[in-house]
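# Commentary on secondary and tertiary structure
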Protein chains: 4
Amino acid sequence: MSTRSLQERVLAANAALGARALSTFGNVSEIDRDAGVVAIKPSGVPYEELRVDGISVVSLDGERLAGLVPSSDTPTHLELYRAFTTIDGIAHTHSTYATSWAQARRPIPCLGTTHADYFNGPVPCTRTLTDDECGDEYERMTAAAIIEALEGLEPLEVPAVLVASHGPFAWGASAAAAVEHAAALEEVAHLAYNTVVLDAAVDAVPAALLERHFRRKHGAAAYYGQR
Amino acid sequence: MSTRSLQERVLAANAALGARALSTFGNVSEIDRDAGVVAIKPSGVPYEELRVDGISVVSLDGERLAGLVPSSDTPTHLELYRAFTTIDGIAHTHSTYATSWAQARRPIPCLGTTHADYFNGPVPCTRTLTDDECGDEYERMTAAAIIEALEGLEPLEVPAVLVASHGPFAWGASAAAAVEHAAALEEVAHLAYNTVVLDAAVDAVPAALLERHFRRKHGAAAYYGQR
Amino acid sequence: MSTRSLQERVLAANAALGARALSTFGNVSEIDRDAGVVAIKPSGVPYEELRVDGISVVSLDGERLAGLVPSSDTPTHLELYRAFTTIDGIAHTHSTYATSWAQARRPIPCLGTTHADYFNGPVPCTRTLTDDECGDEYERMTAAAIIEALEGLEPLEVPAVLVASHGPFAWGASAAAAVEHAAALEEVAHLAYNTVVLDAAVDAVPAALLERHFRRKHGAAAYYGQR
Amino acid sequence: MSTRSLQERVLAANAALGARALSTFGNVSEIDRDAGVVAIKPSGVPYEELRVDGISVVSLDGERLAGLVPSSDTPTHLELYRAFTTIDGIAHTHSTYATSWAQARRPIPCLGTTHADYFNGPVPCTRTLTDDECGDEYERMTAAAIIEALEGLEPLEVPAVLVASHGPFAWGASAAAAVEHAAALEEVAHLAYNTVVLDAAVDAVPAALLERHFRRKHGAAAYYGQR
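Residues numbered from 1 in each chain as written. Chains lettered and ligands numbered in written order. Predicted model: local features only at pLDDT ≥ 70, side-chain atom pairs only at ≥ 80, totals over all residues. Heavy atoms only, no water.

### As for the pattern of salt bridges
Going through the model one piece at a time under the given rule, you end up with 60 salt bridges over all chains. Note that A:Glu137 and A:Arg140 form a salt bridge whose closest N and O atoms lie 3.3 Å from each other. Of the residues examined, A:Arg140 reaches a relative accessible area of 31% and is grouped as partly exposed. Taking the shortest distance from any N to any O, the salt bridge between C:Arg4 and C:Glu8 comes out at 3.6 Å. With a gap of 4 residues between them, C:Arg4 and C:Glu8 both fall in helix α1 (residues 3–19), about one helical turn apart. (Salt bridge = Lys/Arg side-chain N within 4 Å of Asp/Glu carboxyl O. Buried < 20%, exposed > 50% of the residue type's maximum accessible area, 1.4 Å probe, protein only. Helix = DSSP H or I, 4+ residues; strand = E, 2+ residues; numbered from the N terminus.)

Here you go:
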């Protein structure tokens, strides 16, 4: 894949994030693992002013190779690409309901099949960063807390996390898939918010129902879609 | 009615579901009882990409007769058409407020005349499926739980149900009527959510008020509309 | 004013109700007190299909003079025009937040200046109708309960009411003013809903602040707008 | 800067307020400190009817120099420009969630990084005005209560306040910046509302996280954007 093609894909995914009103504060990236480069939204540029040449391209070490100054969250993305080798796209948003759960520092329990269609279990929430972790390495430490929260999970089976007091990161096999998962997460977060308002002590769905819905759409036995 | 005409009606009803933002995850069907065939949304195709030739047509036994692979919820629709012989259209959505009540596993009480204009009593919620019912016959078992929840009710007088931990199914005399009821249900669910937030112990409306509003619009003594 | 001109004004006000998404279930009327006639939305016709010739025109006794079959709520409107001689327009909606307060059977307290700019005190809620009142004279009895709830108030100083378990009626010097007040009521109801969620025991605003804001915009000492 | 250019900037900022649906009841102003004049929205004119010639221009003493009758909130704006010499634009709105916090008379705690990106600490809420302060000098007394609530804070580091039982005022280096801060405040208020619903006892973010995010975007060490 050419660098320009990677920039075009990341431009489209960032534009989709803006168009779906998921965030006025987010950023999307995609990695070309063969070339070892990551394309990501430039810092502080409104979605509607993004141009393909301006999409930042950096090495996995964070060296700028093309485009504008990359998002200040770039070190978080790079660390996640290094740790989660099965993911090729990442979307960070401040979407309203997912961010509300993050600010309450609560994981989102699986309360229904909309959740189970996308996430094979609760969406985890990171621990609060220590004061030291809010220092110069803040963005990399954010990734470290995410990796810690995902321990024991396959990232493509739980393709999102809440960063405590901050907001969600979602990921997938491409930038477009990451945006899709960010959108699903926001809807799932809204449903779960309403549900706990209606019943603060509601139980998570039975494991058999979670398994049924996740496996309808994912993996070898999936029977959803035009296969 | 020709098969193509049935497909056109189902295409329009599914498009209406998408346009009214009732669901990114739903599906609508309609039955031609004379021909013994059901048209339904194909599985995994976005609303905006639906074409009339692609609308799935199946027999009441689930055999595909035309169009793309049908929605994975097709066995639920077919079972409901067999059990509820007065209904000819079904709409399944994950609309936000109706799904929230479903996730809280609470029926929606009749708290006002908006509800009474459409539903002659509470909107029931199914029991939770057993682990066995989440097996290979999951979609048919979902219909069985719906039929159980509607026991003793006339489906056209209570044209919707909540499937516990999942979301709503609505129905009516046609696919278009089913979508209309799905939209009314979502508004009624939103009103009821707000109402129980304002007063957790609010009473249902008196039977006389429910009867007055339901009978203004339905049945022999109706006096609403241009008759 | 000609009957046609009255119909045109009522058509525009009903269209405004639909366009502002205040209601899929409402109706607006205006009275020509010199001619003794009322124009009102026809029953069961979607807003976007309304045509000026179809707007119903009735006498104050309810006799149809022109147009389609009038709204089934017409007896409520007529009774209010007879009782409240300072009002010339009425808008009935099922707007989400105002209807939620009506379903909770709670008056809306004055919690801020947005409220005080439009309503000189709480927005009252009627008592629940008796079973007898839900009989053949239901719509007229609804008006009787409204008139009872407004007792001692000047309708133009409190230009709206909640009908218990039903929804709001708003009014004003014209159909357009009634729609304006219905829209203000919905925003005020939303603000009050959020406010009691944040603090269930919140106090109403001091009388001096209510007076200051209401009198900035209404009456002899008003100093708001281009006078 | 010419007076006309100031009017054009204020026209654009008021139009942005309307377009972003932040308020049907707000007003924006900007000061030209060299010329000693303030341009502000005229009173009672809908956003879509604003014309550049109609934008009111007043001296710092409130004398009208050009345009229509200025907003009735003009004395509040003028007093703030006199007290806060680092700000050159002010936006007043009745945006839904910020106004809800104002009506609950609660400051908005810093519960996440979206807040910390814009406000270096809680957004204060004024005390309730006394009955005397609701007299003829009401609008100036509103400013006095704001100034009291900001005591000890640098206005550009906390560029908004809630006026108790009323709504928010936001400010910045220009009218456009004030609107930007009003929009950020509304989103932050919505997030905080949801968060306290999920956890009424939630803690504010650690000081180190607040500092990290505020300083990423503001001041000498900022590293956000294309610098």
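### Concerning the interface of chain A and chain D
In this assembly, 31 residues from chain A lie in contact with 30 residues from chain D. Taken together, both faces of the contact between chain A and chain D bury some 2600 Å²; the carbon and sulfur share is 53%. When the area that chain A buries against chain D is broken down by residue, the three leading residues are A:Phe25, A:Gln103 and A:Tyr193, summing to 22%. Across the contact surface, chain A and chain D share 3 salt bridges. Note that A:Asp136 is salt-bridged to D:Arg212, the shortest N-O span being 3.7 Å. At the junction of chain A and chain D, the tally comes to 18 residue pairs in polar contact (both at pLDDT 80 or more). If you list the elements that add at least two residues to the side of chain A that touches chain D, you get α3 (96–103), α5 (138–149) and α6 (175–198) of chain A. With 6 residues, the top contributor of residues to the side of chain A that touches chain D is α3(A). Grouping the amino acids of the side of chain A that touches chain D by side-chain chemistry returns 13 nonpolar, 12 polar and 6 charged. (Contact = heavy atoms within 4.5 Å. Buried area = accessible area lost by both parts, 1.4 Å probe. Polar contact = N/O pair within 3.5 Å; in protein donor to acceptor, adjacent residues only side chain to side chain. Nonpolar A, V, L, I, M, F, W, Y, C, P; charged D, E, K, R; others polar.)

### Remarks on the sheet that holds strand β4 (residues 64–66) of chain B
Residues and elements named next belong to chain B. Read from one edge of the open sheet, 7 strands run β4-β3-β2-β1-β5-β7-β6, paired in antiparallel fashion. Of all the strands in the sheet, just β4 and β6 (160–163) have a single pairing partner and so form its edges. When strand polarity is set aside, the average angle formed by the axes of neighbouring strands in this sheet is 25°. Sheet topology note: the strand β5 (residues 89–92)/strand β7 (residues 167–172) ladder contains 4 bridges and is antiparallel. The residue bridging Ala91 from the neighbouring strand is Ala170, located in β7. Those strands touched by helix α5 (residues 138–149) are β6 and β7, and its axis lies near 125° from that of β6. In the packing of helix α6 (residues 175–198) onto the sheet, contacts are made with β1 (27–32), β5, β6 and β7, and the angle to β7 comes to roughly 135°. (Pairing = 2+ DSSP bridges. Axes fitted to C-alpha atoms, helices over the stretch in contact; angles between N-to-C directions.)

### Details of the relation of the copies chain A and chain D
Screw-axis analysis of chain A against chain D gives a translation of 0.0 Å along the axis, an RMSD of 0.0 Å, and a rotation angle of 90°. Expressed as a symmetry operation, the mapping of one chain copy onto the other fits a four-fold axis. No C-alpha of chain A approaches the rotation axis more nearly than that of A:Val197, which lies at 5.5 Å. Taken together, the interface assignments show that only 6% of the residues at the interface of chain A recur at the interface of chain D, consistent with different surfaces on the two copies. (Least-squares fit on C-alpha atoms with pLDDT ≥ 70 in both.)

### Examining helix α1 (residues 3–19) of chain B
An ideal rise of 1.5 Å per residue puts 24 Å on 17 residues; α1(B) measures up with 24 Å between its terminal C-alpha atoms. Where α1(B) is buried, its residues touch β1, β2 (37–40), β3 (56–59), β4, β5 and α6 of chain B. (Expected span 1.5 Å × (residues − 1).)

### Observations regarding the sheet that holds strand β1 (residues 27–32) of chain C
Residue and element names in this part refer to chain C. Ordered in space as β4-β3-β2-β1-β5-β7-β6, the 7 strands form an open sheet in which the pairing is antiparallel. Edge positions in the sheet fall to β4 (64–66) and β6 (160–163), since each of these pairs with one other strand and no more. Across the sheet, the mean angle from the axis of one strand to that of its neighbour is 25°, orientation sign disregarded. The sheet contact formed by β6 and strand β7 (residues 167–172) spans 4 bridges and is antiparallel. By the bridge assignment for β7, Ala160 is matched with Ala170. Along the sheet face, α1 touches β1, β2 (37–40), β3 (56–59), β4 and β5 (89–92) and points at about 155° away from the line of β1. On top of the sheet, helix α2 (residues 74–83) reaches β1, β2, β3, β5 and β7; it is set at about 40° to β1, its chief contact.

### Some remarks on the pairing of β6(C)
With burial as the criterion, each face of β6(C) is covered, one bearing C:Ala160 and C:Leu162 and the other bearing C:Val161 and C:Val163. Hairpin connection of β6(C) to β7(C): 3 residues between the antiparallel strands, including C:Ser165 at a positive phi of 60°.

### Things to note about the interface of chain B and chain C
Chain B puts 30 residues into the contact, and the matching count from chain C is 31 residues. With both sides pooled, the region where chain B packs onto chain C buries about 2600 Å², and carbon together with sulfur makes up 53% of that total. The interface formed by chain B and chain C includes 3 salt bridges. There are 18 residue pairs in polar contact (both at pLDDT 80 or more) connecting chain B and chain C. Where the side of chain B that touches chain C is concerned, the elements lending two or more residues are α4 (113–116), α6 and α7 (207–217) of chain B. At 9 residues, the largest contribution of residues to the side of chain B that touches chain C is made by α6(B).

### A closer look at unusual backbone geometry
With the exception of glycine, most residues fall at negative phi, and the peptide bonds are largely trans. Although it is not a glycine, B:Ser165 adopts a positive phi angle of roughly 60°. Looking at the element boundaries, B:Ser165 is found in the loop between β6 and β7. Assessed through its relative accessible area of 1%, B:Ser165 is described here as buried. The backbone of D:Arg105 sits at a positive phi, close to 55°, despite the residue not being glycine. Relative to the elements of secondary structure, D:Arg105 occurs in the loop between α3 (96–103) and α4 (113–116).

### A look at the arrangement of the chains
Considering only C-alpha positions, the minimal separation of the non-contacting chain A and chain C is 11 Å. The two partners chain B and chain D share no contact, and the minimum distance between any of their C-alpha atoms is 11 Å.

### Concerning the packing of helix α2 (residues 74–83) of chain B against α5(B)
All names here are of chain B. Where α2 meets α5, the closest approach of the two axes is 7 Å, and the angle between their N-to-C directions is 40°. When you trace α2 past α5, the crossing you get is right-handed. Residues Pro75, Thr76, Glu79, Leu80 and Ala83 of α2 form the contact with α5, whose participating residues are Glu139, Arg140, Thr142, Ala143, Ile146 and Ile147. When the residues that make up the contact of α2 with α5 are grouped by side-chain class, the tally is 6 nonpolar, 2 polar and 3 charged. (Left-handed = near helix turned anticlockwise from the far one by under 90°.)

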